[in-house]
Amino acid sequence: MMRQVTPKKSLGQHFLKDLEVARMIADTVDSFPQLPVLEVGPGMGVLTQFLMRKERPLKVVELDRESTQYLHSHYPQLQGNVVEADFLKLPLAPLFEGSPFVLTGNYPYNISSQIFFKMLDNKDLIPCCTGMIQKEVAERMAAAPGSKTYGILSVLLQAWYRVEYLFTVNENVFNPPPKVKSAVVRMTRNDTRSLGCDEGLFKRIVKTTFNQRRKTLRNSIQTILPKDNPLSTESIFDKRPEQLSVQDFIELTNKVEEACHV
């Protein structure tokens, strides 16, 4: 019998040991029962074993060699479906021959935001993403305008996905216990197919303004706008970024683009 995998701090590994929590996370993929599933960071397969019962195509992506050896040893049914790779560098389209899939996992906490930015880059392949992350990040993702936790991640994700904060998970169900609480979320693609603005500029404006969130837009956006621009007299520039909805940011992007081409 192969020994347990040692959690590696460098990979942000905190192995879930509560089977009921694992089952509940696995069940979050059921809103798209017809699609295959890609699990990120399966570790020793505590979530994987419940996903395998769904009787749908399943692949797992794992960077840690010790974990992949454990999975091969304990889950022979996964043969051919364990991808030993860095998810952040992995081309996603070939995994299910270009077909869409549900993304899930007990995500490594040190790269969870990067995972969701990669999801956004592949949003046409990923109609649903579920899984467990730090509670603080989950709260930021689901935050509404006006709240202190509303920020870059909130706006960029909510532009394309409906974000649901499903439930909180205590530290004591992990080995080793993280220093923070965790939460399970589900993101489902909304009906938006185009933002109706320059999407690159939209991202730049969201990041620029929130990186100086205490400033009004008039001050934070100066680096993007041409000098002596006519827009700075408009009332929206008196606001701070957390006061703007996704739609407000889209309208702001169009105003800025117009000013840049005057």
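Summary of the structure given here. (Residues numbered from 1 in each chain as written. Predicted model: local features only at pLDDT ≥ 70, side-chain atom pairs only at ≥ 80, totals over all residues. Heavy atoms only, no water.)

Description of the overall build of the protein chain
When helices and strands are counted, the protein chain shows 9 helices and 9 strands. When its C-alpha atoms are laid out on the principal axes, the protein chain stretches across 70 × 40 × 30 Å. When each of the 262 residues of the protein chain is scored for burial, the buried share is 52%. Look at the contacts in the protein chain between residues 6 or more apart in sequence, and 68% of them connect residues 24 or more apart. Per element, the accessible surface of the protein chain, about 12800 Å² overall, is 49% carbon and sulfur. Side-chain charges in the protein chain split into 33 positive and 29 negative, and the spacing between the mean points of these groups amounts to 5 Å. (Helix = DSSP H or I, 4+ residues; strand = E, 2+ residues; numbered from the N terminus. Buried < 20%, exposed > 50% of the residue type's maximum accessible area, 1.4 Å probe, protein only. Contact = heavy atoms within 4.5 Å. Areas by Shrake-Rupley, 256 points an atom, 1.4 Å probe, with all protein chains shown as cover. Lys, Arg positive; Asp, Glu negative; His and termini not counted. Charge placed at Lys NZ, Arg CZ, Asp CG, Glu CD.)

Considerations on the environment of A93
The topology assignment puts A93 in the loop between β4 (82–84) and β5 (102–105). In the structure, A93 is positioned 58 residues away from L35 in sequence and 14 Å away in space, judged by C-alpha atoms. Excluding anything up to four places from it in sequence, A93 contacts G98 and L125.

Here we look at the environment of G196
Among the secondary structure elements, G196 is positioned in the loop between β9 (182–189) and α7 (199–210). By relative accessible area, which is 49% here, G196 ends up partly exposed. In this structure, the C-alpha to C-alpha distance between G196 and Q247, residues 51 residues apart in sequence, is 9.9 Å. Setting aside anything within four residues of it in sequence, one finds G196 in contact with I250 and N254.

What to know about the packing of aromatic side chains
Summed over all chains, the structure comprises 4 aromatic pairs. Ring geometry for F96 against F101: centres 5.5 Å apart, planes inclined by 45 degrees, an arrangement best described as tilted. Each member of the pair, F96 as well as F101, carries the same accessibility label: buried. Note on Y150 and F210: the rings are 5.9 Å apart at their centroids and 75 degrees apart in plane angle, and the pair reads as edge-to-face. Residue Y150 is located in the loop between α5 (135–142) and α6 (152–158), and its partner F210 is located in helix α7; the two are separated by 60 residues in the primary sequence. When sorted by exposure, Y150 lands in the same class as F210, which is buried. Joined through ring pairs, the aromatic side chains of Y150, F210 and F249 make up one cluster. (Phe/Tyr/Trp six-rings, centres within 6.5 Å; stacked < 30°, edge-to-face > 60°.)

Quick look at α7
Here α7 spans 17 Å end to end across 12 residues, near enough to the 16 Å set by a 1.5 Å rise per residue. Those residues of α7 that sit buried are L201, F202, I205, V206, T208, T209 and F210. On its buried face, α7 sits against α6, α8 (217–220) and α9 (246–260). At the N-terminal boundary of α7, the capping side chain belongs to D198, with an oxygen 3.0 Å from the backbone nitrogen of G200. (Expected span 1.5 Å × (residues − 1). Polar contact = N/O pair within 3.5 Å; in protein donor to acceptor, adjacent residues only side chain to side chain.)

Here's the deal with unusual backbone geometry
A positive phi angle, near 55 degrees, is found at E55, a position not held by glycine. With respect to the helices, strands and loops of the structure, E55 is situated in the loop between α2 (48–52) and β3 (58–62). On the basis of relative accessible area, E55 is assigned to the exposed category, the value being 77%. Backbone geometry places E97, a non-glycine residue, at a positive phi of 55 degrees. By the secondary structure assignment, E97 is in the loop between β4 and β5.

Describing the nonpolar core
Ranked by size, the top nonpolar core spans 57 residues in total, and within it L103, M141, F202 and L252 carry the most contacts. Per-element accounting of this core gives the leading share, 6 residues, to α9. Listed in part, the 28 residues of the second largest apolar core include L16, F50, V82 and M132. (Core = buried A, V, L, I, M, F, W, Y, C linked by side-chain atoms within 4.5 Å.)

Observations concerning the environment of D64
On the secondary structure map, D64 appears in the loop between β3 and α3 (65–74). Overall, the relative accessible area of 6% leaves D64 in the buried class. Taking the C-alpha atoms as reference points, D64 and P42, 22 residues apart in sequence, are found 9.7 Å from one another. Within the structure, D64 has its side chain in polar contact with the side chain of S67 (distance 2.8 Å).

What about the pattern of salt bridges?
Inspection of every chain in the model, using the stated rule, returns 12 salt bridges. For E171, the salt bridge identified is with K181, shortest N-O distance 3.1 Å. Taken together, the residues span a long stretch of sequence, with E171 in the loop between β7 (161–169) and β8 (174–175) and K181 in the loop between β8 and β9 at a distance of 10 residues. Among the charged side chains, a network of salt bridges with common partners joins E20, R23, D27, D30 and K54. (Salt bridge = Lys/Arg side-chain N within 4 Å of Asp/Glu carboxyl O.)

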